[in-house]
Each structure stands twice: as C-alpha cells, then as structure tokens.
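An overview of the molecular structure
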Amino acid sequence: MKRALFYEKLPDNRVKCNLCPFHCVIAEEARGFCRVRKNIGGELYSEVYGKVSSMHLDATEKKPLFNFFPGSKLLSVGTLGCNMRCKFCQNWEISQFSIDEFKFLSEASPEDIVKMALELKTKGNIGIAYTYNEPSIWYEYMLDIAKEAREHNLKNVMVTNIYIEEEPLEKLMPYIDAFSIDLKGFTQEFYKGMTAANLEPVLRNIKFLKKRGKHIELDFLVIPTKNDSMEDFKKMLLWIRDEVGRDTPLHINRYYPAYKFNEPPTDVKLLLKFYETAKKYLDYVYVGNVGGIDGIENTYCPNCKGESLRRENREVDVKGLNSVGNCVYCKERVMKYASFDVRKNSAEGRFYPDSKSELEKLIGELLAKEKKEIRYKLSEKNIIGGVVPHAGYIFSGYEAVHFFEIAKNQRYDTVVIVNPNHTGMGNSVEVDSHRYWSSPLGNLELDKEMVEALGIPVSSVAQSEEHSGEVMIPFLKYFFDYDYKIVPICFLEQNYENAVQLAKKIYQASKKLERKILIIASSDFSHYVDPELGKNLDDLVIEKILTFDSKELYNKIRNYNISVCGYGPIMTLIEYSKLLKGKAKSEVLRRGNSGEVYPSNEVVDYNSIIFYEED
C-alpha cells in the first residue's frame, strides 16, 4: 500500500481523486470506482502497490503491438481493478475485483520487477508491459517501476483504456515508450452503456499522445449489435487518419462471449469487411482473434505493398525489412521502432542493383539471353548443388542463371551457401550468425537447427564485408519461389582436410534433421590472366571437378598457382556428393569471362557447374 498521487482533501475526511475523469469523491474507509484506491483516515491510498495478480513473459505482439520492436518480448505485469465496467471484459476475474475479493496476489517491489525483466533479456525481453488490468489505476506502482526500468534502458509499455486525466498522463511522458490503446467504440452511447465511461477523454488523450510523439497502436473489439456499424466505423477511421495519422496501426479484433455479455462471436466475414475498408484509410491494419486466414496479421510496406513481416501464432518472420526497419524492396521506412537481426549488405548497389525493379529487370534480361542454351532436361535430375560464380551480375550473371533456372523446379528445405573468405576476417570455417539475410527481392532466414547440428563456429565477423555469399541471395529469391532457409558458411582456410570435414558435417546434419539440401559452392575461376591461359588453367581444375577428385584438384591449384578463389567450397561440394548413396555426376553449364562484357587482355573466368545424382 502506498499513499496515492493526484487527490485533494475535502471536509468530513472525504477525498476527491483526480487521477481519472470520474473524479470520485470518496468517503472515509470507502473505495473509488476503480475498487483499489481507498480513503484511509482522510488520505487516499493505492491498495495494490507492490501487489501482483499476473506476471508473464509475453510476445510484444500479444499486447497487441505489431509495429513496436516486432518479434521481441515484454515482461507483462498486472494487479487488480479498473476504472471502466466493460460488460464484455476478457479479464474480468482481475479487473472487476477488489483486494478483499481476490486471494491470489503476490508481492513484488519495483526493483524486483526490474531485476526480473533484466534477467529475461536473454529470452528476448526488451522491457515491461503494464497490462492485464487497467494500469492507470495502479499509477503509483507503474510509475515507480517505469522509472527504475528507464534507469536500466528497458522499454515501458502501457496496455490501456487511456481513461486518465491530463496531469497524471503528462507525468508519464518521460517514461512510457508505447501505448496499446483500447478504443472500444466511436459513440458516446456505446461508451456510456457498455463501459460506464465517456468517449471524449479517450479521444483527447490519444491526440495528446500523438502530439507528444509516442508510439500508439489502437485496438478495436468488434461487438455484434453494439459497435459494429460500418457508418460509425468509417467515422472512426477518418478520425484516426486525420487526427492521429494514417500510419497509426489499427487492430480489429474478434469478440467472444465474456463476463456479462453473451452475444455470439463476431462474424468473421464482417471483420474481413472492416479490414478491407480500414486499409483504404490506414497503412497498418490487422485482424486479431481469428485463426486460419493468411495475411491479416502481416505487415505490408505502405509504399510498394511488399510483404514486410509475416506473422503466424505470434511468431514473426522478417520477409522484407532490413535491420533498422526499412523496406528492402523500395527503401521506405516501415518500422520506426525495430531492431532486426538482419545482415547488412556489403555488395548491394555494387555487384547487383539496389532497386527491386532494376534487379528483377537485370536478372530477367540475363535469363532471356541465355534461355536457348539452358539444359532444361537436367531439371529432371536430383540436383545436389552447383558451382556458381560470384562476380558482379553484369559479368557472371550469365553463368549463374543457368544453374538457378535448372534448380528452381526442385524444392529444398535448406540451401547451404559455401563461399570463400576474401577479407581474412573470422574463423577458418564459420557460419554467419544473423537470423536473416536481405536483398532487394526479400529476406531469407537462417536454419538455426541445422547451424546447431553442424557444430562449427558461429559469428557475424567473416561475412560482414564478404560479397561472395551475399550475391547468391537475390538469385535465390528470384528463382526459388517457396519457403526454405539458408546456412551461409564462409571458408577462410581452404584446404583438402577442412573441406572433407565440412562436407561430413553438412551430410550428417542434413541426415539427422532429415533436410533436403542444395549446396552452392561460390567461386570464380582464373583471375586477371590472358584469356587463353586462363581457359587452359581452368581446364585443369574442371577436369578434377568432373572426376570428383578434390584432393588432386587441390594439388593442381597449389602446384600451378591457379587463382580459383573458391576451391574450398568446390572441394566441399565434391566430398559431400561422394557421401550420397546415389552415383553423383557433374556437368559444365556455361563457361565465360569478363572479356565478354569488357574486352581485355586480362580477364576473370566464370564457370557454372551442376552436380546431380544419376537415376
């Protein structure tokens, strides 16, 4: 218990609470409308200070907050009481009870809560959500926790009906980062009849928070026969767009019978109609409490309409955003509050276009030029992998499209990209740790299970400035139009022994997890040599590739000083293929060099070679 803020003393030991718009006048030993602020001896006290009814580590999306650090978690805390009387309340067991009626409270100081929140950072926690019951009525407890949390750089989130007066709301501004607000309807009649409160203070406070630059998401529970008028809904949408901004996320949620209201659940068809209508006014619209309908909880770029985030069962898949929340397709800012584990590209805009349309156009042109020469019959084979060059697309894209166009008709669980290390940074063999790799055509997700099964060092260092793995991502996104994951492996110490060991680990991991995998060995061939000399040197290497003799390939490269930069990845692919049950074969798909684009006496050679199992 703690003496309350925002009240004034009245005659006869009465007090007037000025925390919320009810302004309860409370006699001695009585409680306010919220049930948890009590007059004791002419002073107002919060009875729930330090008292916890519910505490859990929740997905941020559960609040719901979809545009505030998506994919993160929040330590969620609740007490008792509420300053509304919603007949449809989902949490009535705690919101409509006083401390005398609820016997399952535990005690926790603000320091205890913050300590727990800090310990949970290892599980993805970014802060504390004041939720489950209306947090404004346990204002003093929330404020003290929020102040302590701010000292430790934790985020603070209110899940609220925002039925609070302006002075206490103003005092929260330095501490609360985001607000998930229940906008329960858009008529005074609904608010008075279904919640016992008034609409005007709610709208006033939403506008206030917008002016103060706070992140706001609005939640609208559609209740049959009560607030499901399309006319009123459109008025609400216009108000949100004009007064709060079209970038304000709106969650349209399905009602289910609860507490004192027993109407059947909201018709899903009506929710979808509201959803389609809302998208005409607002950029970020979601439908909640409805399962089995694709897309209605996803985030889309407001500019290009590309898929930014895909959500399923509160799991978030980053499909089209970079590490800071910008659209990878058109560069529009989609998420103001975001921190995604997405690798920052080093080759985009240099080795391939940074524009989605330009990139698609370039790959399309490369494919059109080569289409007549592509051996489509090979797509009927069980393709194991391939050697693919990694230079700028205008140079080596001709070779690359041969491989990807053939391989695209097969479905893989995981694509393992083994690329050389040109920078000298990182471990001798290393898997990149980023959860996502991005491209202007979208993101690909790391296969974490396979990474763990591989048992090789994991870090973000080796690939941080390396282009030879990155350039494969746009090709994969362009050609492979289905869900799969990647394992990007950077190979620094390229020798025969390391290649054999890596091949075994890839084979064992794929078998253990029952993954169908494709291996891309990223490599260019002879560098900056006379075209004829380069071809002759490449012939020595290709002969050993076609005969699956990686040990002799390694010897040839060392003895003749052949500048094939990815011989480690190539040997890995050869050794992996030899571990398979079927007889492996390989064929050269295309040979070329940089002189085809810019004639020169010194060229870089490019070869694409496909590996497959014989029938």
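Right, let's walk through the structure included here. (Residues numbered from 1 in each chain as written. Predicted model: local features only at pLDDT ≥ 70, side-chain atom pairs only at ≥ 80, totals over all residues. Heavy atoms only, no water.)

**Looking at the nonpolar core**
Heads up, the rule is: Put simply, buried Ala, Val, Leu, Ile, Met, Phe, Trp, Tyr and Cys residues joined by side-chain atoms within 4.5 Å make one nonpolar core. Relative accessibility decides the category of a residue: with a 1.4 Å probe and only protein chains considered, values under 20% of the type maximum give buried, values over 50% give exposed, and everything between is partly exposed. Here, residues are in contact when the closest pair of their heavy atoms is within 4.5 Å.
Residues L172, L183, F233 and L250 are the most contacted members of the largest nonpolar core, which totals 91 residues. L250 has contacts with L218, F220, F233, L237, I240, A278, L282, Y284, V285 and Y286, leaving out every residue within four places of it along the chain.

**Considering the pairing of strand 14 (residues 215–222)**
Spelled out, the test is: Runs of E in the DSSP output that reach at least two residues are strands. Runs of H or I that reach at least four are helices, and both are numbered from the N terminus. Only when DSSP finds a minimum of two bridges between them are two strands counted as paired.
Here strand 14 lies mainly inside the structure; eight of its eight residues are buried. Burial along strand 14 is two-sided: the residues H215, E217, D219 and L221 and I216, L218, F220 and V222 are all buried. Judged from the five bridges that link them, strand 13 (residues 178–182) and strand 14 form a sheet pairing that is parallel. By the bridge assignment for strand 14, S180 is matched with E217. Pairing analysis gives five bridges linking strand 14 to strand 15 (residues 250–254), with the strands arranged parallel. Among the inter-strand pairings, V222 is bridged to a residue of strand 15, identified as R254.

**Overview of the environment of I562**
Looking at the element boundaries, I562 is found in the loop between helix 15 (550–559) and helix 16 (567–579). On the basis of relative accessibility, which here comes to 4%, the residue I562 falls in the buried class. Sequence-wise, I562 and E360 are 202 residues apart; in three dimensions their C-alpha atoms are separated by 34 Å. The residues touching I562, leaving out its near neighbours within four places in the chain, are S526, L537, L540, V541, K556 and I557.

**A closer look at the sheet that holds strand 14**
Put simply, the rule is: A fitted line through C-alpha atoms serves as each axis, taken over the contacting stretch for helices, and the angle formed by two N-to-C directions is quoted from 0 to 180°.
Strand order in the open sheet formed by eight strands is 8-9-11-12-13-14-15-16, and the pairing between neighbours is mixed. Of all the strands in the sheet, the pair left with one neighbour each is strand 8 (54–59) and strand 16 (285–288). Averaged over neighbouring strand pairs, the angle between their axes works out to 20° when direction is ignored. Relative to strand 11 (residues 125–130), strand 9 (residues 73–78) runs parallel, the two sharing five bridges. Across the sheet, the residue bridging to L75 is I128, located in strand 11.

**Points about the sheet that holds strand 1 (residues 2–3)**
Pairing within the open sheet is antiparallel, and its three strands lie in the order 1-6-5. Since the sheet does not close on itself, it has two edges, and those belong to strand 1 and strand 5 (37–40), each with one partner. Judged from the two bridges that link them, strand 1 and strand 6 (residues 43–46) form a sheet pairing that is antiparallel. Bridge pairing in strand 6 places K2 opposite S46.

**Focus: the packing of aromatic side chains**
In plain terms, the rule: Centre distance within 6.5 Å is the pairing criterion for rings of Phe, Tyr and Trp, where only the six-membered ring of Trp is used; planes under 30 degrees apart are then read as stacked, over 60 as edge-to-face, and the remainder as tilted. Two conditions define a charge sitting above a ring: the NZ of Lys or the CZ of Arg must be within 6 Å of the ring centre, and it must be within 35 degrees of the ring normal.
Considering all chains together, one arrives at 34 aromatic pairs under this definition. Seen from their ring centres, F102 and F104 are 5.7 Å apart, and the 85° between their planes marks the pair as edge-to-face. Classification of F102 as buried rests on a relative accessible area of 14%. Consider the rings of F403 and F404, whose centres lie 5.3 Å apart with planes at 75°: the pair is edge-to-face. Residue classification places F403 among the buried residues on the basis of a relative accessible area of 0%. The side chain of R85 reaches across the aromatic face of F33, ending 3.8 Å from its centre. Its guanidinium or amino end placed over the ring of W437, R343 lies 4.5 Å from that ring's centre, counting from NZ or CZ.

**Looking at the packing of helix 10 (residues 393–407) against helix 12 (residues 472–479)**
Our working definition: Note on terminology: angles under 35 degrees are roughly parallel, angles over 145 are roughly antiparallel, angles of 65 to 115 are roughly perpendicular, and the others are oblique. Crossing handedness is defined as follows: a turn of the near helix away from the far one that is anticlockwise and smaller than a right angle gives a left-handed crossing, while the clockwise case is right-handed. Ten residues, namely Ala, Val, Leu, Ile, Met, Phe, Trp, Tyr, Cys and Pro, are considered nonpolar, four, namely Asp, Glu, Lys and Arg, are considered charged, and the remaining ones, Gly among them, are considered polar.
Two elements in contact, helix 10 and helix 12, have axes separated by 11 Å at closest approach and are oriented at 45°. As far as their axial angle goes, helix 12 and helix 10 are oblique. Read as a crossing pair, helix 10 and helix 12 show a hand that is right-handed. For the pair formed by helix 10 and helix 12, the contact residues are Y393, G397, A400, V401, F404 and E405 on the first element and M472, P474, F475, L476 and F479 on the second. In terms of residue class, the contact of helix 10 with helix 12 is made up of nine nonpolar, one polar and one charged.

**Comments concerning the packing of helix 9 (residues 356–370) against helix 10**
Where helix 9 contacts helix 10, the axes come no closer than 9 Å and their chain directions differ by 70°. Put simply, helix 9 runs roughly perpendicular to helix 10. Considering only the axes of helix 9 and helix 10, their crossing is right-handed. Along the contact surface, helix 9 presents L359, L362, I363, L366, L367, K369 and E370, while helix 10 presents Y393, I394, G397, Y398, V401, H402 and E405. For the contact of helix 9 with helix 10, a count of residues per class yields nine nonpolar, two polar and three charged.

**Focus: the environment of M55**
The topology assignment puts M55 in strand 8. Taking relative accessible area as the criterion, M55 reaches 31% and is therefore assigned partly exposed. Apart from the residues lying within four places of it in its own chain, the contact partners of M55 are L75, S76, V77, I113, M116 and Y132.

**Re the side chain of S526**
Note the following rule: Pairs of N or O atoms are called polar contacts if they sit within 3.5 Å, as long as, within protein, a hydrogen donor faces a hydrogen acceptor (for residues adjacent in sequence, only side-chain-to-side-chain pairs).
Considering the arrangement of structural elements, one finds S526 in the loop between strand 28 (517–522) and helix 14 (531–546). A polar side-chain atom of S526 sits 2.7 Å from a polar atom in the side chain of D538. With residues near it in sequence (within four places) discarded, S526 still touches G534, L537, D538, I562, S563, V564, V603, V604 and D605.

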